[in-house]
Amino acid sequence: MEHRCSPRIETDFQVLICQYNKPVAIGRVKNANRFGFFIETDWVVRSLQQITLEIAPKHSQTLQKNSREAIVVHKAQQAFGVELETLN
């Protein structure tokens, strides 16, 4: 979430965090902008780590359509910021 040129939107929804196509943690997206998310979780990440985020809408049975590649750009205690690699 290093891009300050677009406004942040406060959110609160769950996201499944995957690495190498395997689920590793569940987090909550606390705010978002055009370029990325700020996610609260107890999972420990590294800077520049590549992850996949799967966001499930309330009435959707499939996650693959809502999967986004992301890279960790900011770490905080119990949270991290990601920049989305693919914008569809």
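Refer to the structure presented above.
I will try to describe carefully the structure that is included in this document. Quick caveat, the model's predicted, so the values are computed rather than measured. The written sequence of each chain sets the order in which its residues are numbered from 1. Per-residue local features are limited, in this predicted model, to residues with pLDDT of at least 70; the limit for side-chain atom pairs, both in listing and counting, is 80 or more; totals at the level of whole chains, interfaces and linings are taken over all residues. To obtain the side-chain values, all non-hydrogen atoms of the structure were used and water was disregarded.

A word on the pairing of strand β1 (residues 9-19)
Thinking step 1. Any two strands are treated as partners once DSSP identifies two or more bridges connecting them. Strands are runs of DSSP state E lasting at least two residues, helices are runs of H or I lasting at least four, and both sets are numbered from the N terminus onward. Where β1 and strand β2 (residues 22-32) come together, nine bridges link them in antiparallel fashion. What sits directly across from Cys18, in β2, is Pro23.
Thinking step 2. Turn length for the β1-β2 hairpin, with the two strands adjacent in sequence and antiparallel, is two residues, and the turn residue Tyr20 shows positive phi of about 55 degrees.

Describing unusual backbone geometry
Thinking step 1. Of note, Asn21 is a non-glycine position whose phi angle comes to about 65 degrees, a positive value.
Thinking step 2. When you line up the elements, Asn21 lands in the loop between β1 and β2.
Thinking step 3. Throughout, exposure labels follow a simple rule: accessible area from a 1.4 Å probe, protein chains only, divided by the maximum for the residue type, with under 20% read as buried, over 50% as exposed, and the rest as partly exposed. The exposure class assigned to Asn21 is exposed, which follows from its relative accessible area of 73%.
Thinking step 4. In this model, Gln78 sits at a positive phi of 65 degrees, which is unusual for a non-glycine residue.
Thinking step 5. Within the secondary structure layout, Gln78 lies in the loop between β5 (67-76) and β6 (79-84).

Points about the pattern of salt bridges
Thinking step 1. Here, a salt bridge means any Lys or Arg side-chain nitrogen found within 4 Å of an Asp or Glu carboxyl oxygen. The tally for this structure, following the rule as stated, stands at two salt bridges.
Thinking step 2. Here Arg28 ties to Asp12 by a salt bridge, and the two come within 2.8 Å at their closest N and O atoms. Taken together, the residues span a long stretch of sequence, with Arg28 in strand β2 and Asp12 in strand β1 at a distance of 16 residues.
Thinking step 3. One salt bridge in this structure joins Asp12 and Lys30, with 3.2 Å as the shortest N-O distance. Pair noted here: Asp12 is in strand β1 and Lys30 is in strand β2, with a separation of 18 residues, a long-range link.
Thinking step 4. A relative accessible area of 24% places Lys30 in the partly exposed class.
Thinking step 5. If you follow the salt bridges from partner to partner, you end up with Asp12, Arg28 and Lys30 in one network.

In short, geometric facts, not functional conclusions.
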